[in-house]
Amino acid sequence: MNYDVIVVGGGHAGIEACLAAAKMGAKTLLITILAEQIGATSCNPAIGGLAKGHLVKEIDALGGAMGETTDNCGIQFRILNESKGPAVRGSRAQIDMDKYRIYMRNLLLNTPNLDISQEIATQILTKNNQIIGIKTHLDNTYNTNRLIITTGTFLNGIIHVGFNKLEAGRVGELSSKELSISLKSLGLDMGRLKTGTCPRIDAKSIDFSVLELQDGDEKPHPFSFKTKNFNPTQLPCYIAYTNLNTHEIIRSNFDRAPLFTGQIEGVGPRYCPSIEDKINRFSERERHHVFVEPQTKDASEYYVNGLSTSLPYDVQVEFIKSIKGFENARIVRHGYAIEYDYVNPTELKHSLETKKVKGLFLAGQINGTTGYEEAGAQGLMAGINAVQSLREKEPLVFRRDEAYIGVLIDDLVTKGTKEPYRMFTSRAEFRLLLREDNATLRLSKYGREIGLLSQEDYEKVLNFKNEIQRGMDFLTNTVVTPSKPTLELLASLDEEPISQNASLQKIVGRKSFTVEKLKKLNELFLSFSEDVLEQILIECKYFFYIQIQKSEVEKMKGLMSVKIPPNLDFSKISGISKEIIEKLNKFNPPTLFAASEISGVTPAAIDILHINIKHFKEQVGENLKD
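Now for a quick tour of the structure. Just so we're clear, the structure is a prediction, and the values are computed from it rather than from any experiment. (Residues numbered from 1 in each chain as written. Predicted model: local features only at pLDDT ≥ 70, side-chain atom pairs only at ≥ 80, totals over all residues. Heavy atoms only, no water.)

Focus: the packing of helix H1 (residues 12-23) against helix H4 (residues 97-109)
Okay, so step 1: Packing of H1 against H4 leaves a shortest axis separation of 11 Å and a crossing angle of 25°. By the criterion of interaxial angle, the relationship of H1 to H4 is roughly parallel. Every pair of crossing elements has a handedness; the one defined by H1 and H4 is left-handed. From H1, His 12, Ile 15, Cys 18 and Leu 19 reach across to H4, where they touch Tyr 100, Met 104, Leu 107 and Leu 108.
Okay, so step 2: Residue classes in the contact of H1 with H4 are distributed as seven nonpolar, one polar and no charged. (Axes fitted to C-alpha atoms, helices over the stretch in contact; angles between N-to-C directions. Helix = DSSP H or I, 4+ residues; strand = E, 2+ residues; numbered from the N terminus. Parallel < 35°, antiparallel > 145°, perpendicular 65-115°, else oblique. Left-handed = near helix turned anticlockwise from the far one by under 90°. Contact = heavy atoms within 4.5 Å. Nonpolar A, V, L, I, M, F, W, Y, C, P; charged D, E, K, R; others polar.)

Written out as structure tokens, the structure reads:
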């Protein structure tokens with residue numbers, strides 16, 4: 001059979017990829033090992049978090065499914081870092097993992113232009129370095145010129161529990177060995193990574209009365225701007241702690257830990273280590289947090305976040321029972337580590353298409369990332385760009401100042417990774433511009449342009465944006481004097497008086513100013529929604545810092561616009577070290593900015609490269625924008 005786009009893998013990357021392609025009008029096929037596991041949350045039953053919440057909101061702004069599905073399946077909603085600045089806040093939701101999986105599967109099954117087939121992809125078919133199809137274990141061959149691989153941990157996956165090893169992509173599911181071999185045969189640079197998951201505990205066996213209660217927000221906020229009448233039923237989470245006894249049990253079994261015996265070769269996530277790794281690295285710590293999270297709305301089983309482990313089953317039972325509240329705990333599902341193959345993301349263009357094989361796109365953990373949100377973001381962009389390339393249109397690529405998605409992909413393709421990559425707010429240079437709360441304002445226009453957002457939804461965003469602008473125009477253009485009426489108004493708002501003329505923006509930008517005060521400042525603001533008022537308040541408080549970042553962006557755009565001619569011979573440029581020339585040849589950056597982002601490429605080398613681009617332009621007469 002013939003398809004415009006084929007997606008391999010039904011995880012979070014595969015879901016967004018096939019939905020985007022189908023909604024953009026491409027005849028799409030999803031090949032997945034088990035149809036009932038589409039959208040499975042293999043690790044923790046949660047979506048979002050610090051920086052990860054940004055990605056979910058950006059996916060939603062572009063027309064992806066993760067945000068709306070989370071709103072429909074969430075069982076607790078919290079904003080992390082709420083007391084800190086808006087640039088570093090992050091929305092997080094506990095989800096009913098069973099409902100989430102079923103919701104996503106049904107969404108795909110009811111999407112026009114999208115077929116699903118339960119098979120194992122085994123061989124990538126190419127001709128003259130161009131994708132022509134995919135073959136499966138059932139000897140079925142599907143023809144396509146655009147193939148998206150989103151295999152998660154399934155490529156040559158091996159599960160580790162103590163000395164035991166099991167070939168699997170997830171417990172109870174077959175690994176994909178032949179597809180890994182097929183990718184290697186294409187000449188792609190591949191490596192090995194490791195991740196893990198925590199034990200799950202029978203709720204009846206936990207003494208919740210001695211645990212710390214952690215409720216959701218009193219006024220929960222949805223992930224999707226399209227969600228209406230949001231009033232979810234929220235369940236509590238709990239906090240427990242390991243202790244010195246727990247640590248001693250684990251430490252005394254290091255000789256049985258695959259992480260330390262050499263059994264595991266892949267590099268694990270530095271920012272989400274296993275409990276044995278934490279105890280080894282932070283031996284001075286007397287305790288570690290354990291976040292006890294319900295897996296479904298029935299709360300019959302709990303995920304003990306913070307206890308990822310590959311220790312033997314008997315050791316898991318022993319150290320779990322040493323934790324206060326878990327003395328009688330019964331493990332339903334044991335924790336494990338999993339090793340899998342990945343492709344060095346420097347093999348990719350910013351569109352997520354491989355450089356060596358035309359029409360082959362990669363998204364998710366196969367690119368060295370970790371996390372549902374990072375996977376979903378890549379899957380969405382791969383799906384979009386596969387269709388864009390079919391239509392012979394320019395790929396949709398975000399700059400680092402436009403989206404966290406842009407930061408994520410730029411980091412991967414220009415720097416690569418030797419450990420599972422996780423998104424952090426610290427990775428984004430322009431955090432004040434890339435706030436979670438303004439994702440729809442930043443990106444919805446692209447979602448509408450490519451056909452993933454309806455005109456009705458986009459009109460909502462435009463109205464939202466216009467109201468914010470109307471409020472900001474009033475505040476920035478209205479200057480008040482230290483007159484008696486002004487001073488009385490400020491006093492009534494419990495605000496400090498002014499001694500000279502000032503714009504209302506400066507007054508509203510004070511740390512002490514609130515949304516309630518904004519409503520009393522002028523009747524204009526009584527007609528605005530709470531979300532609009534919150535945006536106006538943020539824009540006022542960070543007005544000058546935002547202007548500074550916008551100025552920095554303009555400087556960056558200068559480098560972005562300097563295109564590097566594809567036929568420029570880096571080896572003939574004098575004054576640049578051999579090491580940097582090798583990196584330029586390897587990554588083949590499209591712009592001067594992309595070259596500056598490559599690890600080890602110095603500012604001096606960028607200056608020399610810039611001069612040579614100018615000389616090259618003069619010599620060959622190419623019309624390069626500079």
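A few points about the sheet that holds strand E6 (residues 114-118)
Backbone hydrogen bonds hold the strands of a sheet together, and the pairing may be parallel or antiparallel.
Okay, so step 1: Strands sit in the order E6-E2-E1-E10-E21 across an open sheet of five strands; the sheet is parallel. Two strands bound the open sheet, and with one partner strand each, they are E6 and strand E21 (360-362). For this sheet, the mean inter-axis angle between neighbouring strands, taken without regard to orientation, is 20°.
Okay, so step 2: Relative to E21, strand E10 (residues 147-149) runs parallel, the two sharing three bridges. Bridge pairing in E21 links Leu 147 to Leu 360. (Pairing = 2+ DSSP bridges.)

Some words on the side chain of Arg 170
Okay, so step 1: For Arg 170, the position within the fold is in the loop between strand E12 (164-167) and helix H5 (177-185).
Okay, so step 2: A residue is classified by how much of its surface remains accessible, and Arg 170, at 14% relative accessible area, is buried.
Okay, so step 3: Within the local environment of Arg 170, its side chain forms a polar contact with the side chain of Glu 173, the two groups lying 2.7 Å apart.
Okay, so step 4: Ignoring sequence-local partners within four residues, the contact set of Arg 170 consists of Gln 37, Ala 40, Ser 42, Phe 154, Ile 159, Tyr 336 and Ile 338. (Buried < 20%, exposed > 50% of the residue type's maximum accessible area, 1.4 Å probe, protein only. Polar contact = N/O pair within 3.5 Å; in protein donor to acceptor, adjacent residues only side chain to side chain.)

Notes on the sheet that holds strand E9 (residues 141-143)
Okay, so step 1: Strand order in this open sheet of three strands is E7-E8-E9, and the pairing throughout is antiparallel. The open sheet has two free edges, formed respectively by strand E7 (121-127) and E9, since each of these has just one partner strand. Adjacent strand axes in the sheet meet at a mean angle of 25°, parallel and antiparallel pairs treated alike.
Okay, so step 2: For E7 and strand E8 (residues 130-136), the ladder comprises six bridges, and the chain directions are antiparallel. Residue pairing for E8: Gln 123 is matched across the bridge by Lys 135.
Okay, so step 3: In this fold H5 packs onto E7 and E8, with an angle of close to 25° to the strand it touches most, E7.

So, the pairing of strand E18 (residues 301-305)
Okay, so step 1: Of all five residues making up E18, five are buried, and the element is well covered by its neighbours.
Okay, so step 2: Neither face of E18 is open: one carries Glu 301, Tyr 303 and Asn 305, the other Tyr 302 and Val 304, and all of them are buried.
Okay, so step 3: As paired elements, strand E14 (residues 200-202) and E18 share three bridges and run antiparallel to each other. Its bridge partner lying in E18, Ile 201 is registered against Tyr 302.
Okay, so step 4: Alignment of strand E17 (residues 289-294) against E18, held across four bridges, turns out to be antiparallel. Paired with Phe 291 across the two strands is Asn 305, which belongs to E18.
Okay, so step 5: Counting the residues in the hairpin turn of E17 and E18 gives six residues, including Ala 299, whose phi is positive at 50°.

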